[in-house]
Amino acid sequence: MNNLLANKNGLIFGALDENSIAWKVAEKCHQEGANLILTNAPIALRMGKIDVLSRKCKSEVIPADVTSLDDLENLFTKSKEIFDGKIDFILHSVGMSPNVRKNRNYGDLNYDWFLKTLDISGISFHKIMQVNEKLDSMNEWGSIVGLSYIAAQKTFPFYSDMAEAKSVLESVTRSYGYRLGKMKNIRVNTISQSPTKTTAGKGIKAFESFYKFADKMSPLGNASAEDCANYCVFLFSDLSRKITMQNLYHDGGFSNTGISEEIIDNFN
Ligand SMILES: NC(=O)c1ccc[n+]([C@@H]2O[C@H](COP(=O)([O-])OP(=O)(O)OC[C@H]3O[C@@H](n4cnc5c(N)ncnc54)[C@H](O)[C@@H]3O)[C@@H](O)[C@H]2O)c1
């Protein structure tokens, strides 16, 4: 432990169970000395195991559906009271597509669900930052991180409308990153993470094959949720103060590999 986040207050969205990327991030941030508040959708709080994490990290849990401005206003207002101060970092680790969940194929999308996918997985990043700005909830030099996937740049069958949601997420990162940088030196980035064995990950059809393919394509192998948590700690710490408006690949080299020997061997 290096106390990289000592005296920092963090808000973590999206820890459902011990496999969640947000769960690992919360554990690491706690180890690095941060004060935390955890949040998730009310239904996820009932079904998940967040109480275990909250005891471990000595942090309070405040329910919030990321699509609801009322819930977000309540969350940011209460966080300020609990911390008795402003927030230093935020993790948005939230994603859900009703079309993917209900196996609708890309040529037969339900458009109400498509809008829901965009709202939950992309527009919510804007909502969080807008409520945060209006309530002036964040300290100067704060850091905001969202989790993305390379399907925003290249097409992957079965990722479906989540690809569009990740494109929204990455675009909001640039636009709001500029604004918050100018206003308060706050940085905004996305981490484009390797396939990771979580509830959301395994919800994608053929995930196991995606996972194995990416692992064999990447010279360093897939980045795990723990690796991602370490990267988040760096991005929340004062060591990354001038990194903003970026989509940061955290994928063992996958994004810049054309083909690997292991994949070639599969065809021999
Ligand atoms: N698992 C992967 O392979 C992978 C790869 C790249 C990026 N990501 C991204 O990482 C992030 C975290 O996902 P994960 O893999 O840890 O899976 P996860 O299922 O553990 O986390 C997703 C979270 O989103 C929350 N959520 C869904 N709807 C919500 C709503 N309306 N309001 C508030 N919260 C809501 C869920 O309750 C859950 O906690 C997502 O953005 C996902 O797209 C995952």
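Here the structure is a predicted model, which means the values were calculated and not measured.

About the cut-offs
All residue numbers here refer to positions counted from 1 along the written sequence of the relevant chain. Selection of residues for local features in this predicted model requires a pLDDT of at least 70, selection of side-chain atom pairs for listing and counting requires 80 or more, and totals for whole chains, interfaces and linings are taken over all residues. Going along the chain from the N terminus, every DSSP run of H or I of four or more residues is numbered as a helix, and every run of E of two or more is numbered as a strand. As a reference, a globule follows 2.2 Å times the number of residues to the power 0.38, and the radius of gyration itself is taken over C-alpha atoms. Three exposure classes are used, based on other C-beta atoms lying within 10 Å of a residue's own C-beta, which is placed from the backbone: buried for 20 or more, exposed for 12 or fewer, and partly exposed in between. Near residues are defined by distance alone, with the backbone-placed C-beta atom required to lie within 6 Å of the molecule or strand. Residue polarity is assigned by list, with Asp, Glu, Lys and Arg as charged and Ala, Val, Leu, Ile, Met, Phe, Trp, Tyr, Cys and Pro as nonpolar; anything else, Gly included, falls into the polar class. A residue pair is marked as a contact if its C-beta atoms, positioned from the backbone, fall within 7 Å. Helix span is expected to be 1.5 Å times the residue number reduced by one. Note on terminology: a nonpolar core is a set of buried residues of type Ala, Val, Leu, Ile, Met, Phe, Trp, Tyr or Cys, with members joined through C-beta atoms within 7 Å.

Caption draft 1: Layout of the overall build of the protein. Tallying secondary structure elements over the protein gives eleven helices and seven strands in all. Taking 268 residues into account, the globule formula puts the C-alpha radius of gyration at 18 Å, and the protein, at 18 Å, falls close to it. The principal-axis extents of the C-alpha atoms in the protein amount to approximately 60 × 45 × 40 Å. Within the protein, the proportion of its 268 residues that are buried is 46%.

Caption draft 2: Molecular detail of the site of the ligand. Neighbouring residues of the ligand: 26 residues in total, closest S20, A44, G95, A200 and G201. With three residues, helix α8 (residues 199-202) is the largest single contributor of residues to the shell around the ligand. Partitioned by chemical class, the residues of the shell around the ligand number 13 nonpolar, twelve polar and one charged.

Caption draft 3: Broad picture of the environment of I191. Its place among the elements puts I191 in strand β6 (residues 187-193). In the structure, I191 is positioned 32 residues away from Y159 in sequence and 17 Å away in space, judged by C-alpha atoms. In this structure, I191 is in contact with V145, L147, S148, C228, Y231, L248 and H250, ignoring residues within four places of it in sequence.

Caption draft 4: Quick peek at helix α1 (residues 21-31). With nine of eleven residues buried, α1 is to be regarded as a mostly interior element. Residues I21, A22, W23, K24, V25, A26, K28, C29 and H30 constitute the buried set of α1. Positioned one or two residues after α1, G33 has a phi angle of 95°, which is positive.

Caption draft 5: Looking closely at unusual backbone geometry. Phi angles above zero are rare outside glycine, and F158 is one such case at about 80°. Structurally, F158 can be placed in the loop between β5 (138-148) and α7 (162-184).

Caption draft 6: Structural view of α7. Under the 1.5 Å per step criterion, the end-to-end length of α7 is 31 Å for 23 residues, consistent within 8% with the ideal 33 Å. If you check which residues of α7 are buried, you get M162, A165, K166, L169, E170, V172, T173, Y176, G177 and L180. Looking at the buried positions of α7, the neighbouring elements they touch are α5 (98-101), α6 (111-134), β5, β6 and β7 (247-250). Downstream of α7 by one or two residues, N185 has phi in the positive range, about 55°.

Caption draft 7: Just the nonpolar core, in detail. By size, the foremost hydrophobic cluster in this structure holds 68 residues, and its most contacted members are I12, A15, A22, V25, A26 and C232. A total of seven residues in this core trace back to one element, the largest contributor, which is helix α10 (residues 225-236). The residues touching A15, leaving out its near neighbours within four places in the chain, are S20, A22, W23, A26, L38, N40, I50 and L53.

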